[in-house]
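The residues making up each chain are set out below.
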Amino acid sequence: MSTAHVNGGHVFATPQHDTGVEEGVGTTALLVAAARAIETHRPDSLARDPFAEHFVLAASASAGWPTRLRHVPDGDANPLWGRFARYFGLRTRVLDDFLLQSVRTAGARQVVLLGAGLDTRAYRLDWPPDSVVFEVDRAEVLAFKHRVLDGLSAKPRAARAPVPVDLRADWVAALADVGFDRSAPTVWLAEGLLFYLPADAERSLVAAVDRLSTPGSVLAYEVKLEPDLMTYRDSPLYTSTTQQIGIDLLDLFAKEPRPDSAGALADTGWSTSVHTPFEFTRRHGRGPLPEENDALAGNRWVFARKP
Ligand code: SAM
């Protein structure tokens, strides 16, 4: 059963049942948390998230998943907990660097994490004083995250504003309600989010980010460029994720053709740069490299700035 919400003139269907991290798209937040836990404990880790393993252990859906590479019998050769987990480690590092560089050089003090999931950057990163981190995700995902972090007595290193809302609904009003200042520059992040949203919700999200951004604001997001997602349905990455932890990513991704969000931003004056993850693998000296039948082949990380 679903209900309709209006967002910027668009009406989107929104499921009424929010199953948090235990089912559906919420489980992908646990997948990224497990990958971050594994990355954290690598001797050559690209990013450290000491909270990540606690999320994995706290949810019934993931309690049996590995949080160290040594828990994985085939280690790095495992397509899910080796290469794919390293992909998330690299993505975490690159976007950590983007966020910190943006607040330091652009002087922005408000950061909006769209589809924040189990992102703990508000607790992990060295934010300038007076920074505020808005975390937008569905209510049950944020509630689970807070239960785990409260249980650890974790202390945020920036002001935190949870924004429990479905991004297919009127998230702009929900953001304004918790103190978002549209007259100040903003650092926006949509990490691992857009391919789960209907194309219209992505268009609406990008238009809203533009509308709410003063000059100097920046945005980073991830997209998948392949015209047919099913091209890589037999890839080691998708099949191992389904077989080992029961998450069929292709089933969770929105199937319609994706909008050209980088083009839309450029049309409204943003400068954009589009990168493959592999460029960052080469820069950091570790991370995934291209392979045959590669479900990461179409992934791009986009960085945009409003002049
Ligand atoms: N950005 C986080 C990270 O990288 O750790 C989480 C990524 S996880 C793969 C995808 C997240 O998007 C989940 O937390 C999920 O709940 C959220 N999400 C997906 N569709 C959403 C929607 N319609 N509204 C709000 N959040 C959504």
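Before any of the text, the structure's been laid out above.
Residues numbered from 1 in each chain as written. Predicted model: local features only at pLDDT ≥ 70, side-chain atom pairs only at ≥ 80, totals over all residues. Heavy atoms only, no water.

Draft legend 1. The arrangement of the overall build of the protein in detail. Counting its secondary structure elements, the protein contains 11 helices and 9 strands. For 307 residues, the compact-globule estimate of 2.2 N^0.38 gives 19 Å, and the C-alpha radius of gyration of the protein, at 18 Å, lies within 12% of that figure. Overall size of the protein, expressed as C-alpha extent along the three principal axes, is 50 × 45 × 45 Å. By residue count, 59% of the 307 residues in the protein fall in the buried class. Here the contacts in the protein between residues at least 6 apart in sequence split such that 75% fall between residues at least 24 apart. Carbon together with sulfur atoms contributes 52% to the accessible area of the protein, which is approximately 12700 Å² in total. Of the charged side chains in the protein, 33 are positive and 39 negative, and the gap between their average positions amounts to 5 Å. (Helix = DSSP H or I, 4+ residues; strand = E, 2+ residues; numbered from the N terminus. Rg over C-alpha atoms; globule rule 2.2 N^0.38 Å. Buried < 20%, exposed > 50% of the residue type's maximum accessible area, 1.4 Å probe, protein only. Contact = heavy atoms within 4.5 Å. Areas by Shrake-Rupley, 256 points an atom, 1.4 Å probe, with all protein chains shown as cover. Lys, Arg positive; Asp, Glu negative; His and termini not counted. Charge placed at Lys NZ, Arg CZ, Asp CG, Glu CD.)

Draft legend 2. Inspection of the pairing of strand β7 (residues 218–224) at higher detail. When you tally the buried positions in β7, you get 7 out of 7 residues, the bulk of the element. The alternating pattern of β7 places V218, A220, E222 and K224 and L219, Y221 and V223 on opposite faces, both of which are buried. As judged from the 4 bridges shared by strand β6 (residues 186–190) and β7, these two strands associate in the parallel manner. Within the sheet, the bridge partner assigned to W188 lies in β7 and is L219. Handedness of the β6-helix α7 (residues 199–212)-β7 crossover: right-handed. (Pairing = 2+ DSSP bridges. Right-handed = clockwise from strand over helix to strand, strands pointing away.)

Draft legend 3. A look at the site of the ligand. Near the ligand lie 21 residues; those nearest to it are G115, D137, D166, L167 and E191. A distance of 2.9 Å is found between an oxygen atom of the ligand and a side-chain nitrogen or oxygen belonging to R36. One of the side-chain N or O atoms of D137 is found 2.7 Å from an oxygen atom in the ligand. Starting from 590 Å² of accessible surface for the ligand in isolation, the protein chains cover 97%. With 4 residues, the top contributor of residues to the shell around the ligand is helix α1 (residues 27–40). Residue composition of the shell around the ligand, grouped by class: 10 nonpolar, 4 polar and 7 charged. (Near = heavy atom within 4 Å. Polar contact = N/O pair within 3.5 Å; in protein donor to acceptor, adjacent residues only side chain to side chain. Nonpolar A, V, L, I, M, F, W, Y, C, P; charged D, E, K, R; others polar.)

Draft legend 4. View of the packing of helix α3 (residues 79–106) against helix α8 (residues 236–245). The geometry of α3 relative to α8 is characterised by a closest axis approach of 9 Å and an angle of 125° between their N-to-C directions. In terms of orientation, α3 lies oblique with respect to α8. Between α3 and α8 lies a crossing of left-handed hand. Of the residues in α8, those touching α3 at P79, L80, W81, R83 and F84 are P236, L237, S240, T241, Q244 and I245. By residue class, the composition of the contact of α3 with α8 is 7 nonpolar, 3 polar and 1 charged. (Axes fitted to C-alpha atoms, helices over the stretch in contact; angles between N-to-C directions. Parallel < 35°, antiparallel > 145°, perpendicular 65-115°, else oblique. Left-handed = near helix turned anticlockwise from the far one by under 90°.)

Draft legend 5. The arrangement of the nonpolar core in detail. Ranked by size, the top nonpolar core spans 66 residues in total, and within it L31, W65, W81, F84 and W127 carry the most contacts. Considering every element that reaches this core, the biggest residue donor is α3, with 13 residues. Look past the residues within four positions of W81 in its chain and what remains in contact with it is L31, A34, A35, I38, R42, W65, P66, L69, V72, Q244 and I245. With 33 residues, the next largest nonpolar core counts V132, A161, V163 and W171 among its residues. (Core = buried A, V, L, I, M, F, W, Y, C linked by side-chain atoms within 4.5 Å.)

Draft legend 6. Just α3, in detail. Its 28 residues place the ends of α3 38 Å apart at the C-alpha level, agreeing with the 40 Å of an ideal helix rising 1.5 Å per residue. In the structure, α3 departs most strongly from a straight axis at A85, where the bend amounts to approximately 30°. The buried fraction of α3 is high, at 21 of 28 residues. Sitting at the head of α3, N78 places a side-chain oxygen 3.0 Å from the backbone nitrogen of L80. Downstream of α3 by one or two residues, G107 has phi in the positive range, about 75°. (Expected span 1.5 Å × (residues − 1). Bend = angle between axes of the 7 residues up to and from the residue.)

Draft legend 7. Here's a closer look at the packing of aromatic side chains. The full count for this structure, using the stated rule, is 17 aromatic pairs. A centroid spacing of 5.4 Å and a plane angle of 45° characterise the contact between Y196 and F253, whose relative ring orientation is tilted. Of the two residues, Y196 sits in the loop between β6 and α7 while F253 sits in the loop between α9 (249–252) and α10 (261–267), which places them 57 residues apart along the sequence. Of the two residues, Y196 and F253, neither departs from the other in class, the shared state being buried. What links up through ring pairs into an aromatic cluster is the set F84, Y87, F88, F98, F280, W301 and F303. (Phe/Tyr/Trp six-rings, centres within 6.5 Å; stacked < 30°, edge-to-face > 60°.)

Draft legend 8. Main features of the side chain of D49. Its location among the elements puts D49 in the loop between α1 and α2 (52–58). Not counting chain neighbours up to four residues away, the residues in contact with D49 comprise R36, T40, T120 and R124.

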